[in-house]
Structures are given as C-alpha cells and as structure tokens.
Amino acid sequence: MSDLETFWWRFQASERWEERKVQMPLFHWARMQLRTASWDDEYVLARLESLNRICNELSAPVELPDFDERCALACGSVEVKLIRAELSYRRLIRSSLSLSPNQRALTGELLPR
C-alpha cells in the first residue's frame, strides 16, 4: 500500500504529462503487489482499474475536450483512499486513522495472517 501511496503522491505532484508517464511503471508494480496481497479481491481490483484509467488520462499527451484535471486528481485520491480502507477493513494493512503523521509513513506493511 505504501508503494501505491508513494506513487500517487509523486504522480499528482507532477505537472507535465511526460513526468507522469515516466512514473507509471511504479503504479504497475504497486498494482501487482496489491493484487497479490488482496488475494485478487474484486473490489480492490475494480478500484485499481479505475485508478489506472485515471492515471492514463492524466498522463496522456493530448487532453480530451471535456477532461477536468483537478476532478481526475480528486477522483484518483478517492480511489487510493478506498483501496486503503478496504485493505484495512480486511485487516491486510494497519489502519492509519489513529496514527500520528510520523507513524503513517510506516502503515503500508502487510499484517501477518
């Protein structure tokens, strides 16, 4: 989860599509890890697919006429939070709600089953 959150933090901080395109391999790596960690949970996979679509739109060299970058970034942030919430609910990662900001940096670890 920490890989996905790191990717998203860097991705949304990038302002040019070229920078975003270069970061996409990190997303694919994080997606593969989360797919395995969630045991191919359909909800997590659907959220990851939605995030992938958003990332592809944001890293495209040409914007669609009705595309709103701020809205896409907000939707991507929601997808990342929904993935974290689902994995936390399933007790695959620690919840970050009760942790300090310094402790939140360490919350992406998988919990033992």
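Now for a quick tour of the structure. (Residues numbered from 1 in each chain as written. Predicted model: local features only at pLDDT ≥ 70, side-chain atom pairs only at ≥ 80, totals over all residues. Heavy atoms only, no water.)

## A word on the environment of Gln33
Just so we agree on the cut-off: Labels follow the DSSP assignment, with helices taken as runs of H or I lasting at least four residues and strands as runs of E lasting at least two, numbered in each case from the N terminus.
Following the sequence through the fold, Gln33 ends up in helix H2 (residues 17-37). It is 8.8 Å that separates the C-alpha atoms of Gln33 and Asp3, two residues lying 30 residues apart in sequence.

## Quick word on the pattern of salt bridges
This is how it is decided: Definition used for salt bridges: Asp or Glu carboxyl oxygen within 4 Å of a side-chain nitrogen of Lys or Arg.
Counting across every chain of the model gives 8 salt bridges. One salt-bridge network, held together by shared partners, links Arg16, Glu18 and Glu19.

## Considerations on helix H1 (residues 2-13)
It helps to recall that an α-helix has 3.6 residues per turn; residues three or four apart then point in one direction. Rule in force here: Given the number of residues in a helix, its expected span is that number minus one, multiplied by 1.5 Å. Only protein chains enter the calculation, and the probe is 1.4 Å; a residue is then buried if its accessible area is under 20% of its type maximum, exposed if over 50%, and partly exposed in between. Directions from the helix axis toward the C-beta atoms define the arc. By the convention used here, residues are in contact when the closest approach between their heavy atoms is within 4.5 Å.
With 12 residues, H1 extends 16 Å between its outermost C-alpha atoms, agreeing within 8% with the 16 Å of an ideal straight helix rising 1.5 Å per residue. Among the residues making up H1, those that are buried are Leu4, Phe7, Trp8 and Phe11. The buried residues of H1 occupy an angular sector of 95° when the element is viewed end-on, so they sit on one face. Elements that come into contact with the buried residues of H1 comprise H2, helix H3 (42-58) and helix H4 (69-89).

## Some points on the packing of aromatic side chains
How two aromatic rings sit relative to each other is set out by the distance from centre to centre and by the angle between their planes. We apply this condition: Between 30 and 60 degrees the pair is tilted, below 30 it is stacked and above 60 it is edge-to-face, where a pair is any two Phe, Tyr or Trp rings, Trp via its six-membered ring, whose centres lie within 6.5 Å. Placement of a positive charge over a ring is assigned whenever Lys NZ or Arg CZ falls within 6 Å of the ring centre and within 35 degrees of the normal to the ring plane.
Evaluation of the coordinates by the stated rule reveals 3 aromatic pairs. Between Phe7 and Phe11, the aromatic rings sit 5.1 Å apart at their centres with planes inclined by 40°, giving tilted as the arrangement. Of this pair, Phe7 and Phe11 both sit in helix H1, 4 residues apart, which is roughly one turn of that helix. Across the pair, exposure class does not vary: Phe7 and Phe11 are buried alike. The exposure class of Phe7 is buried, given its relative accessible area of 0%. Here a set of aromatic residues connected by ring pairs shows up, and it is made of Phe7, Trp8, Phe11 and Phe27. In this structure, Arg20 is placed above the aromatic ring of Phe11, and the distance from its NZ or CZ to the ring centre is 5.6 Å. Note that Arg47 overlies the ring of Tyr43, its terminal NZ or CZ placed 5.3 Å from the centroid.

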